[in-house]
Amino acid sequence: MTSGDVTGGDEAGPGAGSGIDDDARRWAQAEQRAAGVVVPDEWPVLRRFLLVELPVVLVVCVGLGAVGAAIWGEWRGWIGIAIVVAGAVAMIIGVVHVVRRHSSPPGITYSLTKDQRRLNHRQVMGREPADAGHLGVLRLTAGALRLGVMRMLYTLIGLEVMTLGNVVLNTDRGGWSLVFYIAMSVALPLLLLMPIHQIRRATAFLRRYPEPSSASAEAS
């Protein structure tokens, strides 16, 4: 073996080792920061919004619109405006829920590289096998993803209600505005399919890899 071969091997070794050490350090930092962090479950709040708050807002707004229509006429105009207002109020309620809870997980994964964060996302979505050595970070990634997407639904649902109100408003007028709002009312539910899919995949991951119980953690 020549001296050049020895030198080349020594140069390759530290470089490769430093890269591995750097990755291990980043993962260790992320796991340490993820320990004990609990991501709030937005589903109870979202469910109450869908089953109670949104229907109540719609009934109240449409009822007031019906009263205005009974007094001044123009039923479609009043009902359309009432539905638009209901959608706007629904969006405001969603913002209030997010601000009041204001419990988003900290930037645990900021110590990871962009490629590592993408890998986490693919594993949570089931596109790649989950790394058993980094389940703490992966659980946090899944919980944060589900939380963020659920909070986005308030806006999308409010926009859909407002769009339906504009469809009612423009029924008599016709023209391109009616075509636009009809297209929007169809497109928005289709846009909901992607976040709903993400919520389902993140929830499936959390069910597949639940938080270890205190007894099992002590045993390990």
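In case you missed it, the structure is sitting above this.
Below is a short write-up of the structure. This structure is a prediction, so every number in the text was calculated from the model and none was measured. (Residues numbered from 1 in each chain as written. Predicted model: local features only at pLDDT ≥ 70, side-chain atom pairs only at ≥ 80, totals over all residues. Heavy atoms only, no water.)

1. Examining the overall build of the protein
- Helices and strands together make up the secondary structure of the protein, namely 7 helices and 0 strands.
- Secondary structure elements of the protein occur, N-terminal to C-terminal, as α-α-α-α-α-α-α.
- The buried share of the protein, taken over its 220 residues, is 34%.
- Relative to all contacts within the protein whose residues are 6 or more apart in sequence, the contacts with residues 24 or more apart total 77%.
- Summed over its atoms, the accessible surface of the protein is roughly 13,200 Å², and 64% of this surface lies on carbon and sulfur atoms. (Helix = DSSP H or I, 4+ residues; strand = E, 2+ residues; numbered from the N terminus. Buried < 20%, exposed > 50% of the residue type's maximum accessible area, 1.4 Å probe, protein only. Contact = heavy atoms within 4.5 Å. Areas by Shrake-Rupley, 256 points an atom, 1.4 Å probe, with all protein chains shown as cover.)

2. A word on helix H2 (residues 43-72)
- The terminal C-alpha atoms of H2 lie 41 Å apart, and with 30 residues this matches the ideal 44 Å at 1.5 Å per residue to within 8%.
- Largest kink in H2: about 45°, centred on Phe49.
- Packing partners of the buried residues in H2 comprise helix H3 (75-101) and helix H5 (135-169).
- Downstream of H2 by one or two residues, Gly73 has phi in the positive range, about 80°. (Expected span 1.5 Å × (residues − 1). Bend = angle between axes of the 7 residues up to and from the residue.)

3. What to know about unusual backbone geometry
- One non-glycine residue, Glu74, adopts positive backbone phi at about 60°.
- Position of Glu74 among the secondary structure elements: in the loop between H2 and H3.

4. Overview of the nonpolar core
- Within the largest apolar cluster, 30 residues are counted, with the highest numbers of intra-cluster contacts made by Leu46, Phe49, Val124, Ala142, Leu145, Leu153 and Phe205.
- Of all elements in the fold, only H2, H3, H5 and helix H6 (175-208) reach the threshold of two or more residues within this core.
- With 11 residues, H5 is the largest single contributor of residues to this core.
- Leaving out residues up to four positions away in the same chain, Leu145 has contacts with His121, Val124, Met125 and Ala202.
- One finds Ala34, Leu112, Val137 and Leu140 within the second-largest nonpolar core, a separate group that totals 6 residues. (Core = buried A, V, L, I, M, F, W, Y, C linked by side-chain atoms within 4.5 Å.)

5. Some words on the packing of H5 against H6
- At a minimum axis separation of 8 Å, H5 and H6 run at an interaxial angle of 160°. Relative to H6, the element H5 is oriented roughly antiparallel. Our pair here, H5 against H6, has a crossing hand that is left-handed. (Axes fitted to C-alpha atoms, helices over the stretch in contact; angles between N-to-C directions. Parallel < 35°, antiparallel > 145°, perpendicular 65-115°, else oblique. Left-handed = near helix turned anticlockwise from the far one by under 90°.)

6. Re a nonpolar patch on the surface
- Together, Trp43, Leu50, Leu51, Val52, Val56, Val60 and Leu64 give the surface a local cluster of nonpolar side chains, amounting to about 650 Å² of exposed area.
- Here Val52 shows up in helix H2. (Patch = residues over 30% accessible without salt bridge, like charges linked within 9 Å, V, L, I, M, F, W, Y side chains within 5 Å. Salt bridge = Lys/Arg side-chain N within 4 Å of Asp/Glu carboxyl O.)

7. Side note on the environment of Asn120
- With respect to the helices and strands, Asn120 occurs in helix H4 (residues 114-124).
- Distance in space between the C-alpha atoms of Asn120 and Ala142 is 8.7 Å, their sequence separation being 22 residues.

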